[in-house]
Amino acid sequence: MSQPLLKVRQAKKVYAMGDEQVWALKGVDLDIHQGEFVAIMGSSGSGKSTMMNLLGCLDIASEGSIAFAGQELSSLSKNELASVRNQRIGFVFQQFNLLPRTSALDNVTLPLLYSKVPESDWHKRATQCLENVGLGSRMGHHPGQLSGGQQQRVAIARALINDPLMILADEPTGALDTQTGLEVMALFQALNQQGKTIILVTHEPDIAQFAKRKLTFRDGELISDEQNSNVRQAALEGKA
Amino acid sequence: MKIVILLKTAITALKVNVLRSCLTMLGIIIGVAAVIIMVAMGAGAQQKVDDQIKSLGGNVFFVTGAFRQSGGARSASVVKINEDDANLIEKQVPGVEAAAPYLSASGQVIYGNLNWSTEIDGIDNRYFVVRNWDMANGREFTSAEINRGSKVAIIGERLRSELFGASDPIGQTVRVTNFNVTIIGVLAAKGQDARGEDQDDVIFLPIKTVRNKITGVSATNPKSVRFIQVSAYDGEDMDYIEDEMSRLLRQRMRIPVGGDDMFRIRNVSEMIATRAETIQVFNTLLAWVASVSLVVGGIGIMNIMLVSVTERTREIGLRMAVGAKPSDILYQFLIESIVLCGLGGFIGVMIAYGFVFMGNQYDIGAGGIIETQVVLLSLGFSGLIGVFFGYYPALKASRLAPIDALRYE
């Protein structure tokens, strides 16, 4: 078997709450391979968000090791972590986190500002990404002029702009109605089909059903890791 | 090209809250405008003083007679000094360039059907040396004309333009009070004196002509003058010359040791310079007060930048999530603060120009002169304030942890 994209070994995370120490993760072992579609589930306080932060290079494990594409994350500096986030990970958030009063095109271009991509390619790349998520005709619109589903698609285009190895989606359908949620999930499934690794954090079992593999966290521990035998197809449901 | 994008980002951020940005800039605007206006006023006053000293003719003393003092009561009669005193000072006091006797009167000058009321001064050629005054046209007096008291005149530029307009005055005859004189020369324009009077509104006659025809000859002091104007060579010790003149005159007037002087010597350049110094001190003080307002403006910038960083914590988190390094965030906020200050500084400069222009237009105050280096310095300084007061908020932004920033409510 090839080397996993993410190799997590005894990852622990501790937070100081006043004098008390709270273990958000109590030692997690996990491998995620290139091309997987993984849902991370759990109620709030289960440690799923902490896990996502560690996998997304937004935070560093207190103990244990996490290797991303063969690189040990705990050894990287802040700047190197920023560069990993920029080049290899695409983020999608529940609240979209788009810059207000900024066009869809400029929002999508944002990660390029922190990359080494020459400026002459920016426009072409951003346009391409927006067309891929079906927003080619709304590039000049500001977030306020777009629907929730459209905003989330702008956010997905932004996540794709540096052609990352992995997309990390944190409750991407949480702020959307069922129908638009389905559209967004269809987009993720299509991207997964094209070979992108997708990690979806959710507390809704329904949404997790779109993933091929489901991880469940409780009290800082990984309690179940199962292949999804009954994957929902968002594209089909959306049409029905 | 990244700087262009950073500038664009900064301007976009500042445009989000236009009123707040403007109010924040106001501190810098007022500070910069006030500093430039104060410095301009100071430079204007200095320039005026320099001009006055220059038009006076360099290092100049006025020697006049004093009131006669008898038994503690001053009598109205003035001790007259005379042409011989002038000659003696010029000959015997080292460092003296020239000592010019001067007698003044006033009256009408008539040419054809035009008349003009002006100052009629009796002098000799030494006066032009002392005043550093060049001829624009024609010639100075000859010694024969001086000795004889001829009816010839040299006129100032203002009088020339009032009476002759475009025609050539040389050789023309004008009537001064009740006698005719021939114009032999025209002086170059000199402008206003320290009291704001037009120095070119004048007609000069040989001193003897004025004495004989207008003021009359005093029986006790036939060579009397109104005052003697003395000029020293550049770089001479003015105090020494003053002491020497005083010693010479006391000796000549036979004033006993301990007796009061019966003359007065005034170092005019020094008087003007002293007054200028007072103005300078005052202006410097005001400029410092203005700088304080600039610093207060800077604190306002810091305050607003801190608010802005807090308000945009989520934006900072997002930028970090998509790959912004701490230094990227630092620059972003630093440039925002510099733009705020720079723009404020620019507007301040414009306002200062407006103020000084209006002041000069309507003749308010001593007149202002805005020097380019002061403008550049103020702009540079306001930029520096942007860096200084923007650094801490920007640093604070750059040190946020990405997850905390992303989840900030």
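Residues numbered from 1 in each chain as written. Chains lettered and ligands numbered in written order. Predicted model: local features only at pLDDT ≥ 70, side-chain atom pairs only at ≥ 80, totals over all residues. Heavy atoms only, no water.

The name an unreviewed UniProt entry gives chain B is Macrolide export ATP-binding/permease protein macB, with Paraglaciecola mesophila KMM 241 as the organism. As its UniProt record puts it under Subcellular location (unreviewed entry), chain B is described as follows: "Cell membrane". (UniProt positions renumbered as here; feature names shortened; annotations may be inferred.)

The name given to chain A in an unreviewed UniProt entry is ABC transporter domain-containing protein, with Paraglaciecola mesophila KMM 241 as the source organism.

A. Local environment of the overall build of chain A. Across its full length, chain A carries 8 helices and 10 strands. Here chain A has a C-alpha radius of gyration of 18 Å; the compact-globule value for 240 residues is 18 Å, and the two agree. In terms of principal-axis extent, the alpha carbons of chain A reach across some 50 × 45 × 45 Å. Counting across all 240 residues of chain A, residues that qualify as buried make up 54%. A sequence separation of at least 24 residues applies to 70% of the contacts in chain A between residues at least 6 apart. Of the roughly 10700 Å² of accessible surface on chain A, a fraction of 47% belongs to carbon and sulfur atoms. Here chain A holds 23 positive side-chain charges and 25 negative ones, and the gap between their average locations is 4 Å. (Helix = DSSP H or I, 4+ residues; strand = E, 2+ residues; numbered from the N terminus. Rg over C-alpha atoms; globule rule 2.2 N^0.38 Å. Buried < 20%, exposed > 50% of the residue type's maximum accessible area, 1.4 Å probe, protein only. Contact = heavy atoms within 4.5 Å. Areas by Shrake-Rupley, 256 points an atom, 1.4 Å probe, with all protein chains shown as cover. Lys, Arg positive; Asp, Glu negative; His and termini not counted. Charge placed at Lys NZ, Arg CZ, Asp CG, Glu CD.)

B. Focus on the interface of chain A and chain B. In this assembly, 25 residues from chain A lie in contact with 22 residues from chain B. Across the interface of chain A and chain B, roughly 2200 Å² is buried in total on both sides, 61% from carbon and sulfur atoms. There are 1 salt bridge connecting chain A and chain B. For Arg-407 of chain B, the salt bridge identified is with Asp-170 of chain A, shortest N-O distance 4.0 Å. Counting the contacts that link chain A with chain B gives 5 residue pairs in polar contact (both at pLDDT 80 or more). (Buried area = accessible area lost by both parts, 1.4 Å probe. Salt bridge = Lys/Arg side-chain N within 4 Å of Asp/Glu carboxyl O. Polar contact = N/O pair within 3.5 Å; in protein donor to acceptor, adjacent residues only side chain to side chain.)

C. Structural detail: the pattern of salt bridges. Residue and element names in this part refer to chain B. Here the structure, examined in full by the defined rule, presents 22 salt bridges over all chains. Glu-83 is paired through a salt bridge with Arg-211; the nearest N and O atoms lie 2.7 Å apart. One end of the pair, Glu-83, is in helix H3 (residues 83-92); the other, Arg-211, is in helix H7 (residues 207-215), and 128 residues separate them in sequence. The burial state of Glu-83 is the same as that of Arg-211; both residues are buried. Note that Arg-126 and Asp-124 form a salt bridge whose closest N and O atoms lie 3.0 Å from each other. Here Asp-124 falls in the buried class, since its relative accessible area comes to 7%. Look at the salt bridges and you will find they share partners, linking Arg-312, Glu-315, Arg-319 and Glu-336 into a network.

D. Geometry of the packing of helix H9 (residues 268-311) of chain B against helix H12 (residues 372-398) of chain B. Residues and elements named next belong to chain B. In the contact formed by H9 and H12, the axes pass within 9 Å of each other and the chain directions differ by 30 degrees. When the axes of H9 and H12 are compared, the pair comes out roughly parallel. As H9 runs across H12, the sense of the crossing is right-handed. Across the interface between the two elements, Leu-294, Val-295, Gly-298, Ile-299, Met-302, Met-305, Leu-306 and Val-309 of H9 pack against Phe-381, Ile-385, Phe-389, Tyr-392, Pro-393, Lys-396 and Ala-397 of H12. By residue class, the composition of the contact of H9 with H12 is 13 nonpolar, 1 polar and 1 charged. (Axes fitted to C-alpha atoms, helices over the stretch in contact; angles between N-to-C directions. Parallel < 35°, antiparallel > 145°, perpendicular 65-115°, else oblique. Left-handed = near helix turned anticlockwise from the far one by under 90°. Nonpolar A, V, L, I, M, F, W, Y, C, P; charged D, E, K, R; others polar.)

E. Inspection of the pairing of strand S1 (residues 6-17) of chain A at higher detail. Residue and element names in this part refer to chain A. Examined bridge by bridge, S1 and strand S2 (residues 20-32) share 10 bridges and lie antiparallel to one another. Looking at S2, one finds that Lys-13 is bridged to Leu-25. In this structure, the hairpin formed by S1 and S2 is closed by a connection of 2 residues, where Gly-18 is found at a positive phi of approximately 65 degrees. (Pairing = 2+ DSSP bridges.)

F. Here's a closer look at the sheet that holds strand S6 (residues 89-92) of chain A. Residue and element names in this part refer to chain A. One open sheet holds the 6 strands; their spatial order is S6-S7-S8-S3-S9-S10, and the pairing between them is mixed. Looking at strand neighbours, the two that pair on one side only are S6 and strand S10 (221-227), the edges of this open sheet. Neighbouring strand axes in the sheet, compared pairwise and without regard to direction, differ in orientation by 15 degrees on average. As defined by bridge partners, strand S9 (residues 213-218) adjoins S10 across 6 bridges and the pair is classed as antiparallel. Residue pairing across strands places Phe-217 opposite Leu-222, the latter belonging to S10.

G. Focus on the packing of aromatic side chains. Residues and elements named next belong to chain B. Going through the model one piece at a time under the given rule, you end up with 10 aromatic pairs over all chains. What links up through ring pairs into an aromatic cluster is the set Phe-62, Tyr-102, Tyr-127, Phe-128, Trp-133, Phe-204 and Phe-227. When the ring centre of Phe-179 is taken as reference, the NZ or CZ atom of Lys-213 above it lies at 5.8 Å. (Phe/Tyr/Trp six-rings, centres within 6.5 Å; stacked < 30°, edge-to-face > 60°. Lys NZ or Arg CZ within 6 Å of the ring centre and 35° of its normal.)

H. A negative patch on the surface, seen in detail. On the surface, a cluster of negative charge is made up of Glu-236, Asp-237, Asp-239, Asp-243 and Glu-270 of chain B. Residue Asp-237 of chain B is classed as partly exposed on the basis of its relative accessible area of 45%. (Patch = residues over 30% accessible without salt bridge, like charges linked within 9 Å, V, L, I, M, F, W, Y side chains within 5 Å.)

I. Expanded view of the nonpolar core. In terms of nonpolar packing, the biggest core is built from 119 residues, with Leu-130, Ile-156 and Phe-188 of chain A touching the most fellow members. The residues contacting Ile-156 of chain A, other than those within four sequence positions of it, are Val-92, Val-133, Val-184, Leu-187, Phe-188 and Leu-191 of chain A. Judged by nonpolar contacts, the second largest core, of 40 residues, contains Ile-120, Leu-159, Val-225 and Ala-232 of chain B. (Core = buried A, V, L, I, M, F, W, Y, C linked by side-chain atoms within 4.5 Å.)

J. Layout of the packing of helix H3 (residues 104-113) of chain A against helix H4 (residues 119-132) of chain A. Residue and element names in this part refer to chain A. Two numbers describe how H3 lies on H4: the axes approach to 9 Å, and their chain directions differ by 120 degrees. Classified by the angle between their axes, H3 and H4 sit oblique to one another. Classified by chirality, the crossing of H4 by H3 is right-handed. Contacts from Ala-104, Leu-105, Val-108, Thr-109, Leu-112 and Leu-113 of H3 reach H4 at Trp-122, His-123, Arg-125, Ala-126, Thr-127, Cys-129 and Leu-130. Of the residues assigned to the contact of H3 with H4, the class counts are 9 nonpolar, 3 polar and 1 charged.

K. Main features of the pairing of strand S8 (residues 197-201) of chain A. All names here are of chain A. Buried residues dominate S8, accounting for 5 of its 5 residues. The side-chain alternation of S8 yields two buried faces, one formed by Thr-197, Ile-199 and Val-201 and the other by Ile-198 and Leu-200. Judged from the 4 bridges that link them, strand S3 (residues 37-41) and S8 form a sheet pairing that is parallel. Of the residues in S8, the one forming a bridge with Val-38 is Ile-199. In this sheet, S8 lies alongside strand S7 (residues 166-170) in parallel orientation, the contact comprising 5 bridges.

L. Here's a closer look at the domain arrangement of chain B. Parsing chain B into structural domains produces domain 1 (2-52 + 277-407) and domain 2 (67-261). On a C-alpha basis, the centroid separation for the pair domain 1 of chain B and domain 2 of chain B is 56 Å. (Domains from an automatic or database assignment.)

M. Region of interest: helix H8 (residues 238-253) of chain B. Residue and element names in this part refer to chain B. The first and last C-alpha atoms of H8 sit 22 Å apart over 16 residues, in line with the 22 Å expected at 1.5 Å per residue. Of the positions making up H8, those classed as buried are Met-238, Ile-241, Glu-244, Met-245, Ser-246, Leu-248, Leu-249, Arg-250 and Met-253. The opening residue of H8, the one whose side-chain oxygen lies 3.1 Å from the backbone nitrogen of Asp-239, is Asp-237. Arg-254 sits one or two residues past H8 and shows a positive phi near 55 degrees. (Expected span 1.5 Å × (residues − 1).)

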